[in-house]
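For reference, the chains in residue letters:
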There are 2 protein chains.
Amino acid sequence: MSATPDHYEFPPLDREALLRGLRAIVGEQNLLHSEEALRPYECDGLSAYRRLPQAVVLPATVAQVQEIMSLCHARQVPVVARGAGTGLSGGALPYGDGVLLSLARFNRILQIDRDNLTARVQPGVRNLAISEAVADLDLYYAPDPSSQIACSIGGNVAENAGGLHCLKYGLTVHNVLEVQVVTVDGELLRIGASSFDAPGYDLLAVMHGSEGMLGIVVEVLVKLLPRPEQARVLLAAFDEVVQAADAVGEIIAAGILPAGLEMMDNPAIRAAEDFVQAGYPVEAQAILLCELDGTEAEVTALADQVEAILEDCAATEVRSARDEDERARFWLGRKSAFPAVGRISPDYYCMDGTIPRSQLAHVLTRIQALSDEYGLRVVNVFHAGDGNLHPLILYDASQPGELERTEELGGKVLELCVQVGGTITGEHGVGMEKIDQMCVQFAAPELLQFHALKRAFDAHGLLNPGKAVPTLHRCAEFGAMHVHHGELAHPDIPRF
Amino acid sequence: MSATPDHYEFPPLDREALLRGLRAIVGEQNLLHSEEALRPYECDGLSAYRRLPQAVVLPATVAQVQEIMSLCHARQVPVVARGAGTGLSGGALPYGDGVLLSLARFNRILQIDRDNLTARVQPGVRNLAISEAVADLDLYYAPDPSSQIACSIGGNVAENAGGLHCLKYGLTVHNVLEVQVVTVDGELLRIGASSFDAPGYDLLAVMHGSEGMLGIVVEVLVKLLPRPEQARVLLAAFDEVVQAADAVGEIIAAGILPAGLEMMDNPAIRAAEDFVQAGYPVEAQAILLCELDGTEAEVTALADQVEAILEDCAATEVRSARDEDERARFWLGRKSAFPAVGRISPDYYCMDGTIPRSQLAHVLTRIQALSDEYGLRVVNVFHAGDGNLHPLILYDASQPGELERTEELGGKVLELCVQVGGTITGEHGVGMEKIDQMCVQFAAPELLQFHALKRAFDAHGLLNPGKAVPTLHRCAEFGAMHVHHGELAHPDIPRF
């Protein structure tokens, strides 16, 4: 933990030699290098950042990934891994003088083990494809990020993806038993165990959410769950946002762990209703969607209890989805909230932060005040049960200065999250997007420890350079810049 | 990941100067250095290994811990942290030329946050003391290792402790939100967040189960849970061990997550019954204890379902504890199983391994065969739901060669766990006890990665030297030794 360099420099790139080496491994048909062919890979879901790599390589076997990493390590060429490219924080943005390694061809489900309730899959397999493959067995894979139709398991591991049901069923890290990882120099690591817990340092958890900075995931053993006998959704309407926030706390305090517990404010309700006719009460200032699952008797008992709590918390209306069709419509409204907001504003900026649950009402009040102050509308949609906020700031990029005001307001919201004991990202990762906010979240000792851990996997910083963890130099510049504007905290002051 | 040293050497120790330095930090009254005063610290719960440290130091503040670490770091003196000393794998065994740092005076509960369901505690607080402190609020802290009356939270973090209820409520890592850690050079790290997930590499998970090798935990923020409205225990008896094993799989496959699911074989049943009169059926070849908790309606519904499964699996008897008193007696038998076995054998060796649930029946059959082969009785008591075995090998240390045969049989059992896809330790840690078995569990690339991670926290190897992760040199010797005997696998061959 002595002072050590926290950034890296790479030798000049010999592009032709690199391409020859890659071609020898995967063949010309699996190597992209013309500008036209590279273009689709210039960004991920955060399209504000775009950059072309030197090459895109598409290996199909673990041995090829090992050879690619050995080659790039020997030549000191940076490598950025890419799954489905649905990430929202720029984690898969290519490095200009580097190789983009796509796991798209790793798309096979290798084994389904019904007795142990596991599936062994390649990293390019889509999240939803696992549940589809085991539906006949009445099993499913629990984490369900909104992008689950497209996003891949390897990317889920890299971002430690969550979803609507992570309140009860956990994040990706809680649903993965083993990963196989190719290291920066081409070694293969087998991490975790097919049983409950593994000895040694918890490398499995370290790989989750490491955003491609520590190794290339080439195989994943996921847990499967028996599909609950029943799932029921309650919709509760409130005259005041703080009442809905309080109800969330009361449900949890009663010892009930809903499968999902989501909240939307009035603008979100209206936008979603206009878009998909979910059947939401458009006069309500807030709604909660509470899903309960389990055996039929269990669900019935829990639903009665939750209804009583919601009524005690001054819900003006509590509705239980009458059938599977209505349940699907209730969720469709929630899942369509982002595109629905896209219809009412030229542009919007989707934030992602977490707060302790008890701070919900306070934080919502403060966000409203900030919205008024900046003259920018904010729509709130979030995973209330686990305190994961997704405020959407509405703006018009064609109006001079609006984007800048939006980013400033966004920064204030994240700062607010940190101030109340929360974090700058719940499930979208840091990537490029929030690298400066990491300076607000963490002080120098933690950042130095992150860099030390990074070096333990990647001494030369070849994996996904410049992402996820800022250099202290960058934090100093960021701190200085904001001291200049008199706005943001210096990285050395309060974090917890 | 290039070849790097994986063991450490320390400069000669100047004991008098070290004692002067420590005295200046904590005062003479909190520094032990006479042989008599050091004696109680010579071992932890694994008393087969004993060693006196140069000094025992008992700081009371975080600042003192920081100063002690700075001093020892400057002098390159190894430090072993110790909680309650209840560990079963020798993790707190002192280093001869080092300091033992006791966290015994860090025994305060700092804050109970009812709204966020958390408690901020010092590491020396006993596990059970947390639940006692929040009992009035109808809350509790879930992980419940058998030593919970004595073991401390800091030790629970270091070993990632589990317990009877970890099947449903998770290990320590799943119940801790934040830790504060003093690094080897005296820095203070704040790791985790008081909300759902934290950005950056998952240092929180890495600290869990790291056995004092990465830093000194000085504060812990734990989750509290509302106490379930009801808990009911079912006891099922079987004529054959494999029937009980099958029933475990069927319960889980039905999507039921019991709070606890424990199994005992006939010798364990008899020993426990003789000792505490739990009311067990002594003719049964195996019993299962299945605890269901939740709301009353939920428990009733689940209990009906579990009873039906148990009967389908040929249980000869299924009993539901009629009242809290009978429920307590059912569990008392299980919790007393180890001392009960102590009454029927001069000595016993408690193993700890994990296996995939589907392998239960196979592994039990193999253990019986090994028991016959070695002429040593084996009693089986275990956390069946999560595949965590605790075979107890009965022996008589006064009989020449029996201890050695016992250790050999123990090694075979752990090897068997690894062969079927399990691990060499479920919840007792590696410490000194299983350091050689780590060579069977992992191959060189993983061990090298562990050492690299260790160096990222502790470049000179001052924290708890010689524990948890073997040097490659040690594995080579161990492999060679066992090749000589023709018994154990070489570290480079099958692990998963």
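Predicted model, so just to flag it, every value in this text is computed and none were measured. (Residues numbered from 1 in each chain as written. Chains lettered and ligands numbered in written order. Predicted model: local features only at pLDDT ≥ 70, side-chain atom pairs only at ≥ 80, totals over all residues. Heavy atoms only, no water.)

**Q** How would you summarise the overall build of chain A if you had to cite specific residues and measurements?
**A** Within chain A, the secondary structure is distributed over 17 helices and 19 strands. Relative to the 2.2 N^0.38 estimate, which gives 23 Å for 496 residues, the radius of gyration of chain A is 23 Å and therefore close to what a compact globule would have. Seen through its C-alpha atoms, chain A measures out along the principal axes to roughly 70 × 60 × 45 Å. Expressed as a percentage of the 496 residues in chain A, the buried residues total 62%. Taking as baseline every contact in chain A between residues at least 6 positions apart, the subset at least 24 positions apart corresponds to 72%. Carbon and sulfur atoms make up 49% of the accessible area of chain A, which amounts to about 17,900 Å² in all. Computing the positive centroid from 37 side-chain charges and the negative centroid from 67, chain A places the two 6 Å apart. (Helix = DSSP H or I, 4+ residues; strand = E, 2+ residues; numbered from the N terminus. Rg over C-alpha atoms; globule rule 2.2 N^0.38 Å. Buried < 20%, exposed > 50% of the residue type's maximum accessible area, 1.4 Å probe, protein only. Contact = heavy atoms within 4.5 Å. Areas by Shrake-Rupley, 256 points an atom, 1.4 Å probe, with all protein chains shown as cover. Lys, Arg positive; Asp, Glu negative; His and termini not counted. Charge placed at Lys NZ, Arg CZ, Asp CG, Glu CD.)

**Q** Any details on the pairing of strand 14 (residues 286-294) of chain A? Residues and values, ideally.
**A** Residue and element names in this part refer to chain A. Burial analysis of strand 14 places 9 of its 9 residues in the buried class, the great majority of the element. Here strand 14 shows no split at all, with Ala 286, Leu 288, Cys 290, Leu 292 and Gly 294 on one side and Ile 287, Leu 289, Glu 291 and Asp 293 on the other all buried. The pairing of strand 13 (residues 260-265) with strand 14 spans 6 bridges and is classified as antiparallel. Directly across from Leu 261, in strand 14, lies its bridge partner Cys 290. (Pairing = 2+ DSSP bridges.)

**Q** Provide a residue-level description of the pattern of salt bridges, including the pertinent values.
**A** Considering all chains together, one arrives at 32 salt bridges over all chains under this definition. In this structure, A:Arg319 and A:Glu317 form a salt bridge, with 2.7 Å as the shortest nitrogen-oxygen distance. The class for A:Arg319 is partly exposed, based on a relative accessible area of 23%. A relative accessible area of 29% means that A:Glu317 is categorised as partly exposed. A salt bridge links B:Arg474 to B:Asp436; the nearest nitrogen and oxygen atoms lie 2.8 Å apart. Placement of B:Arg474 in helix 17 (residues 472-485) and of B:Asp436 in the loop between helix 14 (402-419) and helix 15 (438-441) is noted, with a sequence separation of 38 residues between them. (Salt bridge = Lys/Arg side-chain N within 4 Å of Asp/Glu carboxyl O.)

**Q** Kindly report on the interface of chain B and chain A, identifying the contributing residues and their values.
**A** Residue-level contacts link 73 residues of chain B with 73 residues of chain A. Together, the buried faces of chain B and chain A total about 6,100 Å²; carbon and sulfur atoms form 66% of this surface. Our count for the chain B to chain A interface comes out at 0 salt bridges. For the interface between chain B and chain A, the tally reads 8 residue pairs in polar contact (both at pLDDT 80 or more). At the level of elements, strand 9 (188-192), helix 7 (203-207), helix 8 (241-253), helix 10 (296-312), helix 15 and helix 16 (444-457) of chain B are the ones that each hand at least two residues to the side of chain B that touches chain A. The biggest single contributor to the side of chain B that touches chain A is helix 16 of chain B, with 9 residues. Within the side of chain B that touches chain A, the residues separate by chemical class into 38 nonpolar, 21 polar and 14 charged. (Buried area = accessible area lost by both parts, 1.4 Å probe. Polar contact = N/O pair within 3.5 Å; in protein donor to acceptor, adjacent residues only side chain to side chain. Nonpolar A, V, L, I, M, F, W, Y, C, P; charged D, E, K, R; others polar.)

**Q** Outline the domain arrangement of chain A, listing residues and values.
**A** Residues and elements named next belong to chain A. Per the domain assignment, the segments making up chain A are domain 1 (3-102), domain 2 (109-226), domain 3 (230-340) and domain 4 (345-489). In this structure, domain 1 and domain 4 have C-alpha centres spaced 27 Å apart. Linking domain 1 to domain 4 there are 0 salt bridges. Counting every contact that joins domain 1 to domain 4 gives 9 residue pairs in polar contact (both at pLDDT 80 or more). Counting only elements with at least two residues in the side of domain 1 that touches domain 4, the list comes to helix 3 (62-75) and strand 3 (79-82). (Domains from an automatic or database assignment.)

**Q** With reference to specific residues and values, describe the relation of the copies chain B and chain A.
**A** Both copies of the chain are related by a screw-like operation: a rotation about an axis and a shift along it. Least-squares fitting of chain B to chain A yields an RMSD of 0.1 Å, with the superposition described by an axial translation of 0.0 Å and a rotation of 180°. Given the turn and translation reported, the copies of this chain are related as if by a two-fold rotation axis. Residue B:Glu298 of chain B places its C-alpha closer to the rotation axis than any other residue of that unit, at 2.2 Å. Of the residues that chain B buries at the interface, 100% are likewise interface residues in chain A, meaning the two copies contact each other through the same surface. (Least-squares fit on C-alpha atoms with pLDDT ≥ 70 in both.)

**Q** Give a description of the packing of aromatic side chains that names residues and reports values.
**A** We describe a pair of aromatic rings using the distance from one ring centre to the other and the angle between the two ring planes. Under the criterion given, the structure shown has 10 aromatic pairs over all chains. Members of the aromatic cluster, connected to one another through ring pairs, are A:Tyr201, B:Phe442 and B:Phe450. (Phe/Tyr/Trp six-rings, centres within 6.5 Å; stacked < 30°, edge-to-face > 60°.)

**Q** Residue-level account of the sheet that holds strand 6 (residues 118-121) of chain A, with values.
**A** Residue and element names in this part refer to chain A. If you walk across this open sheet you meet the 5 strands as 5-6-10-8-9, and the pairing is antiparallel. Every interior strand has two partners, whereas the edge strands, strand 5 (109-113) and strand 9 (188-192), have only one. Each neighbouring strand pair of the sheet contributes to a mean axis angle of 15°, computed without reference to strand direction. Bridging between strand 5 and strand 6 involves 4 bridges; their strand directions are antiparallel. Note that in strand 6 the partner of Ile 112 across the bridge is Ala 119. (Axes fitted to C-alpha atoms, helices over the stretch in contact; angles between N-to-C directions.)

**Q** Explain the sheet that holds strand 2 (residues 55-57) of chain B to me, and be specific about the residues and the numbers.
**A** Residues and elements named next belong to chain B. Within the open sheet, the 4 strands sit side by side as 1-2-4-3. Their pairing is mixed. Looking at which strands have only one partner, the edges of the open sheet turn out to be strand 1 (31-32) and strand 3 (79-82). One ladder, built from 2 bridges, connects strand 1 with strand 2; its direction is antiparallel. Paired with Leu 32 across the bridge in strand 2 is Val 56. Packing of helix 3 (residues 62-75) onto the sheet brings it into contact with strand 2, strand 3 and strand 4 (99-102), and relative to strand 4 it is tilted by some 170°.

**Q** Outline the environment of A:Glu307, listing residues and values.
**A** Residue and element names in this part refer to chain A. Of note, Glu 307 is situated in helix 10 (residues 296-312). On the basis of relative accessibility, which here comes to 24%, the residue Glu 307 falls in the partly exposed class. Along the sequence, Glu 307 and Leu 203 sit 104 residues apart, while their C-alpha atoms lie 42 Å from each other. If we skip the residues at most four places from it in the chain, Glu 307 touches Leu 234 and Val 318.

**Q** Go over the packing of helix 8 of chain B against helix 10 of chain B with me, naming the residues and quoting the values.
**A** Residues and elements named next belong to chain B. Their axes nearest at 9 Å, the elements helix 8 and helix 10 cross at an angle of 145°. Read as a crossing pair, helix 8 and helix 10 show a hand that is right-handed. The segment helix 8 lies against helix 10, with Ala 247, Glu 250 and Ile 251 engaging Val 306, Ile 309 and Leu 310. Here the residues of the contact of helix 8 with helix 10 sort into 5 nonpolar, no polar and 1 charged. (Left-handed = near helix turned anticlockwise from the far one by under 90°.)

**Q** Can you lay out the state of the cysteines for me, pointing to particular residues and giving the numbers?
**A** For the structure shown, the criterion picks out 2 disulfides over all chains. Between the sulfur atoms of B:Cys439 and its disulfide partner B:Cys475 the distance amounts to 2.0 Å. Across the disulfide from B:Cys439 to B:Cys475, rotation about the S-S bond amounts to roughly -85°, and the bridge is consequently left-handed. You can see B:Cys439 sitting in helix 15 and its partner B:Cys475 sitting in helix 17, a full 36 residues away along the chain. We classify B:Cys475 as buried; its relative accessible area is 3%. Free of any disulfide, A:Cys350 has its nearest neighbouring cysteine sulfur in A:Cys417, separated by 12 Å. For the unlinked cysteine B:Cys313, the closest cysteine sulfur is that of B:Cys290, found at 12 Å. (Disulfide = S-S within 2.5 Å.)

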